[in-house]
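Chain by chain, the residues run as shown.
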Amino acid sequence: MLSKNDTKKMITRLGYFMGIDFPPEVSSHIHRRFGGHPFFIRQLCSEIHAQIGISRPVMASFMLCSRAEEAAAASMKRYISDILNSLRNSYPDEYAMLEYLANNDMSRFNEMVKFDPEYTEHLIGYGLIVKRGEEFDFTFDVARDALVENMKKNAPESINAVRWAEISSRRNAVETEIRAALFHWGNRLDAQQWAEACNLCIPKIIEKSGTMTPRQIFSRNNSQLYFIDLLKFIKHSGLAISPRVEESEVHHSLGVINRLRTDAHANAIDDIEFRDWQNAMNLLEDVFLPPP
């Protein structure tokens, strides 16, 4: 972090090349707003440069700084979000401390400070927090705002929504290709072989509707088949699935995909369950989906 004097020197030099004069009270204001963080101070100065017209020199004001900070907030938050995600994945204890601080849970925060002082040194080094007297606080408001948004994105309900969206889109894509593969297989059978396959795999549908053609059975838009029915056809068909993948692996993966569906599962998906689903889907996509 820059000292107040170093901030003033940097801003004065940047302002000289941009045709902007920064009075001492404004440079002090910028230093306070960003805790002397050189990257974000430069970001703000660039935005101030973009805010003013072509007539130079210009005297920077508090109002100009405020407008520039508001305009630059989105890009600053993206940068901070990258830092926060890095902390969350690699340094979960430090990330937890930031959440305690954002929630004003100083009891837990101070407990972590006492447990290992290096945690706070690390966070100060990232430029996210600062010590003022005996108290710790976020270096600047944008850092706190970015963390709050990050916490909302990583809330359990948000994670589940993202996971269900991935499950739906990837499952629909692979199911479409499985239907196409089975359609071509069905067209290679004679009438008796096809009737036997239908009576074995989907007897209730055949009993209700009578024997139908492969085009009707495996239609993308009008088929009466569920995913579990496709699994029965795959097991019966003996399709040459892939020389690199065991048939039993494909059948197991299809079972995993079928079990994790919205109509048969609670809303919450734990990490292990979702990882198993992703591994199963990766295998099926490798077998059935054409390359992009």
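Up top is the structure these notes are about.
Residues numbered from 1 in each chain as written. Predicted model: local features only at pLDDT ≥ 70, side-chain atom pairs only at ≥ 80, totals over all residues. Heavy atoms only, no water.

Considerations on the packing of helix α13 (residues 227-237) against helix α14 (residues 247-259)
As a packed pair, α13 and α14 sit with axes 10 Å apart at the nearest point and diverge in direction by 170°. Considering their axes alone, α13 and α14 lie roughly antiparallel with respect to each other. Here α13 contributes F227, I228, L231, I234 and K235 to the contact with α14, which in turn contributes H251, L254, G255, I257 and N258. Broken down by class, the residue content of the contact of α13 with α14 amounts to 6 nonpolar, 3 polar and 1 charged. (Axes fitted to C-alpha atoms, helices over the stretch in contact; angles between N-to-C directions. Helix = DSSP H or I, 4+ residues; strand = E, 2+ residues; numbered from the N terminus. Parallel < 35°, antiparallel > 145°, perpendicular 65-115°, else oblique. Contact = heavy atoms within 4.5 Å. Nonpolar A, V, L, I, M, F, W, Y, C, P; charged D, E, K, R; others polar.)

Concerning the packing of aromatic side chains
In this description, an aromatic ring pair is defined by two values, namely the gap between the centres and the angle between the planes. Using the criterion set out here, one finds 14 aromatic pairs in the structure. Arranged with centres 5.9 Å apart and planes meeting at 65°, the rings of W194 and F218 form a pair that is edge-to-face. You can see W194 sitting in helix α10 (residues 191-201) and its partner F218 sitting in the loop between α12 (214-217) and α13, a full 24 residues away along the chain. Among the residues examined, W194 registers a relative accessible area of 6% and is labelled buried. Looking at F218, the relative accessible area reads 4%, which means it is buried. Judged by centre distance (6.1 Å) and plane angle (15°), the rings of W194 and F233 are stacked. Residue W194 is found in helix α10, and its partner F233 is found in helix α13; the two are separated by 39 residues along the sequence. (Phe/Tyr/Trp six-rings, centres within 6.5 Å; stacked < 30°, edge-to-face > 60°. Buried < 20%, exposed > 50% of the residue type's maximum accessible area, 1.4 Å probe, protein only.)

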